[in-house]
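# A look at the structure
The lines below spell out each chain.
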Amino acid sequence: MDAKPLHNPDDCTACTICMAHCPVARVTPKFRGPKFTGPAYERFRLLGFGDESSLEYCSNCKNCDISCPSGVPVATFNMLARAEYCKRHPQPFRDWLLGHADLMGRLTEYLPASLVNFSMKNPLSRAIMDLMGIDRRAPLPSFAPLKQRRRLFAHRPAASKQVVFFPGCYIRYYEPQVGFDVIAILEKAGYSVSVPESFRCCGLPLVAGGFATDAVDYARANSMELARWARKGIPVITACPSCALMLQKEYHDLFPEEGLGRYASCVFEACSFILELLDRGELSLPKTSGRYVYHAPCHLRALGRGKTGLDLLGRIPGLEVVDADAGCCGISGSYGFKKGKYTIGMDVGAPLFSALKESQAPVGLSECGTCRIQMRHGSGLPAAHPLSIVRKALRN
Ligand code: SF4
Ligand code: SF4
């Protein structure tokens, strides 16, 4: 008897629950929604034909997967179908640029960040990028100074307990300070922290852009590095929920024939790891004060461990943290940067922007770097990683 396939469109019972939870289908009729674009059309795609015109509107936010009572991996169907489509249809250079964020980041290591940021953000460059398909209104992040980026990989003191930090592209190239905050918390709990330079991008931007072959190469390289630490029983921590989702779950779901999911159990999302340290008494958090509004990234919810940053901040006496509880922010990696998608992203994020402003909290919090970009852009509020607040509390 044939083994049951990992992804079976016939698991879909057509209940339409995912349709009610898809943030993109809510704001644009251009997208036919998860049920049709995912399992319904997948049956036709398996027969060698199917309507692919709607695929590009799926943002890979995973709200369909989170809501499906039958466990249908709708977003995985969409991403794999997009990869097949892109093999037959060359992708625009815009999608190549946005998908290869790691390569772009590495290229900027030869130039001062101020020069790179100026050359990317001046009105002429933005007009050219707009012509290439990157919306001139999109809130592109700024590269961090090179010295700061290099310091992430500095050798740190040894200790009896060891962890490895996987920075991911966003922290590595744009917000290394978040990495320093995570490292400081882990060191406070008595861990020595290494940050190997050999880790590549987790591959999610490549998957979302349809560059599955490049994503597999990155996944193989990362898995070799993960294997090195898994064999020694050393946990690998990431503070980016999308990286955690790729390393813990998507390598297996997207590339099952590669066997890359076997190191998933050594990967930990940073807030959930630090919650465990608190439970084991390896760290305690002092009383402090402050008011914040929290947004749970979709990919954090897709990990199935709850709102870990919110739970962690709830363990700090004296903090007041409101859960915005307003769904997807709309950026979905670089989806909201693209022409034709920018307005969709802003419409998706509108309930969150209202909730952030109505909270009257002075700072927004979220574990995801690109969610923070969109929160700042849509609400005007500053935004930080919850672990930056934890570090601040430990300093007081
Ligand atoms: S991944 Fe997000 S945008 Fe794509 S179908 Fe699912 S809910 Fe909709
Ligand atoms: S994919 Fe899941 S939630 Fe969507 S219609 Fe099918 S069974 Fe229902």
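Residues numbered from 1 in each chain as written. Chains lettered and ligands numbered in written order. Predicted model: local features only at pLDDT ≥ 70, side-chain atom pairs only at ≥ 80, totals over all residues. Heavy atoms only, no water.

Looking now at the overall build of the protein. Within the protein, the secondary structure is distributed over 21 helices and eight strands. Taking 21 Å as the expected radius of gyration for a compact globule of 396 residues, we find that the protein reaches 21 Å, a close match to that expectation. Projecting the C-alpha coordinates of the protein onto the three principal axes gives extents of approximately 60 × 55 × 40 Å. Here the protein holds 396 residues, and 58% of them are scored as buried. A separation of at least 24 residues holds for 74% of the contacts in the protein among residues at least 6 apart in sequence. Here the protein displays about 16,800 Å² of accessible surface, and carbon together with sulfur accounts for 57% of that area. Once the 48 positive and 36 negative side-chain charges of the protein are each reduced to a mean point, those two points are 6 Å apart. (Helix = DSSP H or I, 4+ residues; strand = E, 2+ residues; numbered from the N terminus. Rg over C-alpha atoms; globule rule 2.2 N^0.38 Å. Buried < 20%, exposed > 50% of the residue type's maximum accessible area, 1.4 Å probe, protein only. Contact = heavy atoms within 4.5 Å. Areas by Shrake-Rupley, 256 points an atom, 1.4 Å probe, with all protein chains shown as cover. Lys, Arg positive; Asp, Glu negative; His and termini not counted. Charge placed at Lys NZ, Arg CZ, Asp CG, Glu CD.)

It is worth spelling out the packing of aromatic side chains at this point. With the rule as written, the count across this model stands at six aromatic pairs. Note on Phe166 and Phe199: the rings are 4.8 Å apart at their centroids and 65° apart in plane angle, and the pair reads as edge-to-face. With Phe166 in the loop between strand E1 (161-165) and helix H11 (168-174) and Phe199 in the loop between strand E2 (191-194) and helix H13 (204-209), this pair connects stretches of sequence that are 33 residues apart. A relative accessible area of 0% means that Phe166 is categorised as buried. Summarising the aromatic geometry, the rings of Phe268 and Phe273 are spaced 5.4 Å apart at their centres and angled 65° between planes, so their arrangement reads as edge-to-face. Taking relative accessible area as the criterion, Phe273 reaches 3% and is therefore assigned buried. Members of the aromatic cluster, connected to one another through ring pairs, are Phe143, Tyr170 and Tyr174. (Phe/Tyr/Trp six-rings, centres within 6.5 Å; stacked < 30°, edge-to-face > 60°.)

A volume near 930 Å³ is recorded for the largest pocket. Lining of the largest pocket is provided by 43 residues; of these, Leu98, Ala101, Tyr174, Ser334 and Phe337 occupy positions nearest its centre. Of the residues belonging to the lining of the largest pocket, the class tally is 34 nonpolar, nine polar and no charged. Of the voids in this model, the second largest pocket is the one considered here, and its volume is about 370 Å³. In this structure, the second largest pocket is lined by 24 residues; those nearest its centre are Glu56, Arg82, Gln91, Asp95 and Lys338. Elements with a minimum of two residues in the lining of the second largest pocket: helix H5 (74-88), helix H6 (93-99) and H13. With four residues, H6 is the largest single contributor of residues to the lining of the second largest pocket. Of the residues assigned to the lining of the second largest pocket, the class counts are nine nonpolar, eight polar and seven charged. The two domains that each donate at least three residues to the lining of the second largest pocket are domain 1 (9-88) and domain 2 (284-395). (1 Å grid on protein atoms, 1.4 Å probe; cavity = no way out; pocket = protein on both sides within 12 Å on 5 of 7 lines; lining within 4 Å. Points joined across faces, edges and corners; volume = space filled by probe spheres on them. Nonpolar A, V, L, I, M, F, W, Y, C, P; charged D, E, K, R; others polar. Domains from an automatic or database assignment.)

Within the secondary structure, Glu367 sits in the loop between strand E7 (363-365) and helix H20 (369-379). Counting along the chain gives 61 residues from Glu367 to Gly306, while the straight-line C-alpha distance between them is 12 Å.

Another aspect to go through is the site of ligand 2. Cys12, Cys15, Thr16, Cys18 and Cys68 are the nearest of the 13 residues found near ligand 2. Tallied by class, the residues present in the shell around ligand 2 amount to nine nonpolar, three polar and one charged. (Near = heavy atom within 4 Å.)

Look at helix H8 (residues 113-121) against helix H9 (residues 123-132): their axes get within 5 Å of each other, and the N-to-C directions meet at 60°. Judged by the angle between their axes, H8 and H9 are oblique. Residues Ser119, Met120 and Lys121 of H8 form the contact with H9, whose own contacting residues are Pro123, Ser125, Arg126 and Met129. Each residue belonging to the contact of H8 with H9 can be placed in one class, and the counts come to three nonpolar, two polar and two charged. (Axes fitted to C-alpha atoms, helices over the stretch in contact; angles between N-to-C directions. Parallel < 35°, antiparallel > 145°, perpendicular 65-115°, else oblique.)

The environment of ligand 1 is formed by 14 residues, the closest being Cys22, Cys58, Cys61, Lys62 and Cys64. Listing elements by their share of the shell around ligand 1, those giving two or more residues are helix H2 (23-27), helix H4 (63-67) and H5. Across the shell around ligand 1, the residue classes tally to nine nonpolar, four polar and one charged.

Moving on, we get to the domain arrangement of the protein. Looking at the protein, the domain boundaries give domain 1 (9-88) and domain 2 (284-395). Here the C-alpha centre of domain 2 lies 27 Å away from the C-alpha centre of domain 1. Summed over both partners, the interface of domain 1 with domain 2 comes to about 1,100 Å²; 61% of that surface belongs to carbon and sulfur atoms. Among the residues of domain 1 in contact with domain 2, Val27, Ser59 and Ile66 are the three that bury the most area, contributing 33% of the side total. Along the contact surface separating domain 1 from domain 2 lie one salt bridge. Between Lys341 and Glu56 there is a salt bridge; the shortest N-O distance is 2.9 Å. Secondary-structure elements contributing two or more residues to the side of domain 1 that touches domain 2 are H2 and H4. (Buried area = accessible area lost by both parts, 1.4 Å probe. Salt bridge = Lys/Arg side-chain N within 4 Å of Asp/Glu carboxyl O.)

Turning our attention to H5. Helical geometry: 3.6 residues make up each α-helical turn, so side chains three or four residues apart lie on a common side. The first and last C-alpha atoms of H5 sit 22 Å apart over 15 residues, in line with the 21 Å expected at 1.5 Å per residue. Taken as a whole, H5 has its buried residues at Val74, Ala75, Thr76, Phe77, Asn78, Met79, Ala81, Arg82, Ala83 and Cys86. Here the buried face of H5 lies against helix H3 (34-46), H4, H13, helix H14 (212-231) and helix H15 (241-254). (Expected span 1.5 Å × (residues − 1).)

Here we take up the sheet that holds strand E8 (residues 383-384). Read across the sheet, four strands follow the order E6-E5-E7-E8 without closing on themselves; strand pairing throughout is parallel. Each edge of the open sheet is held by one strand with a lone partner, namely strand E6 (319-323) and E8. Note: E7 against E8, two bridges, orientation parallel. Paired with Gly364 across the two strands is Ala383, which belongs to E8. In the packing of helix H21 (residues 386-395) onto the sheet, the strands contacted are strand E5 (290-294), E6, E7 and E8, and the crossing angle to E5 comes to about 165°. (Pairing = 2+ DSSP bridges.)

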